[in-house]
Amino acid sequence: MAVTFRLSDTPDEPIETRGATPEENVSYWKQLHESNAYFDTHNWYQDRLRFFGLDQISRILDPKQDDTLLEIGCGYGRLLWHLAPLVKNAIGLDLAQAPLTEAESLLESRGSVELHLGDGVTLNPIKDESITAAYAFTVFQHMARSVALANAREVARVLAPSGRFLLQLHVGDGSEDVMATPGEQSVGYTAAQAAGLIEDAGLRVERVERELLLKDYPAGNVAWWWVLATKHEASSSG
Ligand SMILES: C[S@@+](CC[C@H](N)C(=O)[O-])C[C@H]1O[C@@H](n2cnc3c(N)ncnc32)[C@H](O)[C@@H]1O
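All values reported here derive from a predicted model rather than from experimental measurement. In every chain, residue numbers begin from 1 and rise along the written sequence. Local features are withheld for residues below a pLDDT of 70 in this predicted model, meaning they are given only at 70 or higher, and side-chain atom pairs are given and counted only at 80 or more; totals for whole chains, interfaces and linings count all residues. As a rule here, side-chain values come from all non-hydrogen atoms in the structure, and water together with hydrogens is ignored.

## Considerations on the overall build of the protein
Piece 1. Helix numbering and strand numbering both begin at the N terminus, where a helix is a DSSP run of H or I of at least 4 residues and a strand a DSSP run of E of at least 2. Broken down by element type, the protein carries 7 helices and 10 strands.
Piece 2. Put simply, the protein has 238 residues, and 53% of those count as buried.
Piece 3. Long-range contacts, defined here as pairs at least 24 residues apart, represent 65% of the contacts in the protein between residues at least 6 apart.
Piece 4. For every accessible area listed, the method is Shrake-Rupley and the probe measures 1.4 Å; residues are considered covered only by the protein chains on display. With the model as given, the accessible surface of the protein reaches about 10400 Å², and the carbon-plus-sulfur share is 50%. Residue burial is assigned from relative accessible area. The probe radius is 1.4 Å, only protein chains are included, and a residue is buried under 20% of its type maximum, exposed over 50%, and partly exposed in between. Whether two residues are in contact is decided by their heavy atoms: any pair within 4.5 Å suffices.

Listed below in structure tokens is the structure:
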């Protein structure tokens, strides 16, 4: 099912390339970066090093000095700028080259950082069981459910035993593939769906937190799940 997507700052220009297939998801994001300069036009990223999301990632994922840390959908490297100096190795993956080019220069002196261009569905450049901590922030919420599951299964493949994965998702009633949120549209998850996504990927849910985004959405109509998962010894990438 193709869906119509609008950015708040381009209200008269619906973008209809995002949909349920991996190809549509990928081409949607490429279009946002290449034609719409997503990060240059989006309010949230005008402060290029904005702390947004960092407190939850630091508290719940708790990156450590000996971690190899992966960010899926790293964009131009805003979060890795803060986190890379705290860990042994940091890896950023995104499906578009434009933000990765910006990340290369932003992260130049921020410790050991690798950047990879992904295909949006697999984490192919990343080796099996090579990651001890991974996270995705404001990324899976924009994926069709099938794409989110494919990516979560890849997380299970690349995580080392006992590795941690922190996933942020949009809270929703789960009845629709796309829910309206101010500015952008996202896929909404119930708590059970969020946990189900992790379990279907072969990971174990350790903790689920709900955050109401009152600062950015004072009407109280937007909330996120923060799901912490681990790869236990018996987990399979399967
Ligand atoms: C809303 S931005 C968030 C960027 C970054 N996480 C941050 O908080 O600054 C979403 C990013 O995820 C990337 N992305 C979307 N779907 C992806 C996928 N399937 N695989 C890898 N990256 C993806 C987009 O290209 C974009 O750079």
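Next, the rest of the story.
## Let's talk about the confidence of the model for the protein
Piece 1. Per-residue confidence from the predictor is reported as pLDDT, a score between 0 and 100. Counting all residues, the mean pLDDT for the protein is 86, and 85% of those residues have values of 70 or more.
Piece 2. The model gives residues 1-18 a pLDDT under 50, and that stretch makes 52 contacts with residues more than four places away or in other chains.

## Quick look at the site of the ligand
Piece 1. Around the ligand sit 20 residues in total, of which His 33, Gly 73, Arg 78, Asp 94 and Gly 120 are the nearest.
Piece 2. Definition of a polar contact: a pair of N or O atoms within 3.5 Å, with one able to donate and the other able to accept a hydrogen when the atoms are protein atoms, and with sequence-neighbouring residues admitted only if both atoms are side-chain atoms. Taking Glu 71, its side chain carries an N or O atom lying 2.8 Å from a nitrogen atom of the ligand.
Piece 3. Here a nitrogen atom of the ligand and a backbone polar atom of Gly 73 are 2.8 Å apart.
Piece 4. Its free accessible area being 600 Å², the ligand has 99% of it covered by the protein chains.
Piece 5. At the level of elements, α1 (22-34), α2 (38-41), α4 (78-83) and β2 (89-94) are the ones that each hand at least two residues to the shell around the ligand.
Piece 6. Along the lines of polarity and charge, the residues of the shell around the ligand split into 11 nonpolar, 6 polar and 3 charged. In this text, near means that some heavy atom of the residue lies within 4 Å of the molecule or strand in question. Polar here means any residue outside two lists: the nonpolar Ala, Val, Leu, Ile, Met, Phe, Trp, Tyr, Cys and Pro, and the charged Asp, Glu, Lys and Arg; Gly therefore counts as polar.

## With respect to the pairing of strand β5 (residues 159-171)
Piece 1. Extensive coverage of β5 is indicated by the burial of 11 of its 13 residues.
Piece 2. For strand β4 (residues 131-136) and β5, the ladder comprises 5 bridges, and the chain directions are parallel. Pairing of Ala 134 across the sheet is with Phe 165, part of β5.
Piece 3. By definition, the crossover connecting two strands over a helix is right-handed if that path, from the first strand to the second, turns clockwise as seen with the strands pointing away from the viewer. Since β4 and β5 lie parallel, the crossover through helix α6 (residues 145-158) that links them has a hand, and here it is right-handed.
Piece 4. What makes two strands pair is DSSP finding at least two bridges between them. Sheet topology note: the β5/strand β8 (residues 188-189) ladder contains 2 bridges and is parallel. Across the sheet, residue Val 171 finds its bridge partner in β8, namely Tyr 189.

## Here's the deal with the nonpolar core
Piece 1. Buried Ala, Val, Leu, Ile, Met, Phe, Trp, Tyr and Cys residues that are joined via side-chain atoms within 4.5 Å together make up what is termed a nonpolar core. Residues Ile 57, Leu 61, Tyr 135, Leu 166 and Trp 224 are the most contacted members of the largest nonpolar core, which totals 37 residues.
Piece 2. Counting only elements with at least two residues in this core, the list comes to α1, α2, α3 (54-61), α4, α5 (97-106), β4 and β10 (223-230).
Piece 3. With near-sequence residues (within four places) excluded, Ile 57 lies in contact with Asp 62, Pro 63, Leu 79, Leu 83, Tyr 135, Phe 137, Leu 166 and Trp 226.
Piece 4. With 35 residues, the next largest nonpolar core counts Ile 126, Phe 165, Val 187 and Ala 194 among its residues.

## Remarks on the environment of Val 208
Piece 1. As for its placement among the helices and strands, Val 208 is situated in strand β9 (residues 204-212).
Piece 2. Taking C-alpha positions, Val 208 is 4.5 Å from Val 227, a pair spaced 19 residues apart along the chain.

## Here we look at the packing of α6 against helix α7 (residues 191-200)
Piece 1. What counts as an axis is a line fitted to C-alpha atoms, over the stretch in contact for a helix, and the angles between N-to-C directions run from 0 to 180 degrees. At a minimum axis distance of 8 Å, the contact between α6 and α7 shows a crossing angle of 45°. One way to sum up the angle between α6 and α7 is to call them oblique. Together, Arg 145, Ala 148, Leu 149, Ala 152 and Arg 153 of α6 and Gln 193, Leu 197 and Asp 200 of α7 make up the contact between the two elements.
Piece 2. Each residue belonging to the contact of α6 with α7 can be placed in one class, and the counts come to 4 nonpolar, 1 polar and 3 charged. Roughly parallel means an angle under 35 degrees; roughly antiparallel, over 145; roughly perpendicular, 65 to 115; everything else is oblique.

## Things to note about α3
Piece 1. Of all the residues in α3, the buried ones are Leu 54, Gln 56, Ile 57, Ile 60 and Leu 61. The buried residues of α3 occupy one face: seen down the axis, they fall within an arc of 165°.
Piece 2. Buried-residue contacts for α3 involve β1 (68-72), α4, β4, β5, β9 and β10.
Piece 3. Immediately beyond the C-terminal end of α3, within one or two residues, lies Asp 62, with a positive phi of roughly 55°. The arc refers to the directions leading from the helix axis to the C-beta atoms.

## A look at the packing of aromatic side chains
Piece 1. Centre distance within 6.5 Å is the pairing criterion for rings of Phe, Tyr and Trp, where only the six-membered ring of Trp is used; planes under 30 degrees apart are then read as stacked, over 60 as edge-to-face, and the remainder as tilted. Counted according to the given criterion, the structure contains 14 aromatic pairs.
Piece 2. Measuring from centroid to centroid gives 6.0 Å for Phe 140 and Phe 165, while their planes differ by 55°, and the two rings are tilted. Of this pair, Phe 140 sits in the loop between β4 and α6 while Phe 165 is found in strand β5, placing the two residues 25 residues apart along the sequence. Side by side, Phe 140 and Phe 165 carry an identical accessibility label, which is buried.
Piece 3. Through successive ring pairs, a cluster of aromatic residues spans Trp 44, Phe 52, Phe 137, Tyr 217, Trp 224 and Trp 226.
Piece 4. Sitting over a ring, as applied to charges here, requires NZ of Lys or CZ of Arg to be within 6 Å of the ring centre and within 35 degrees of the ring normal. Cation over ring: Arg 48 sits above Tyr 76, and NZ or CZ is 4.5 Å from the ring centre.
Piece 5. Over the ring of Trp 81 we find Arg 110, and its NZ or CZ is 3.6 Å from the ring centre.

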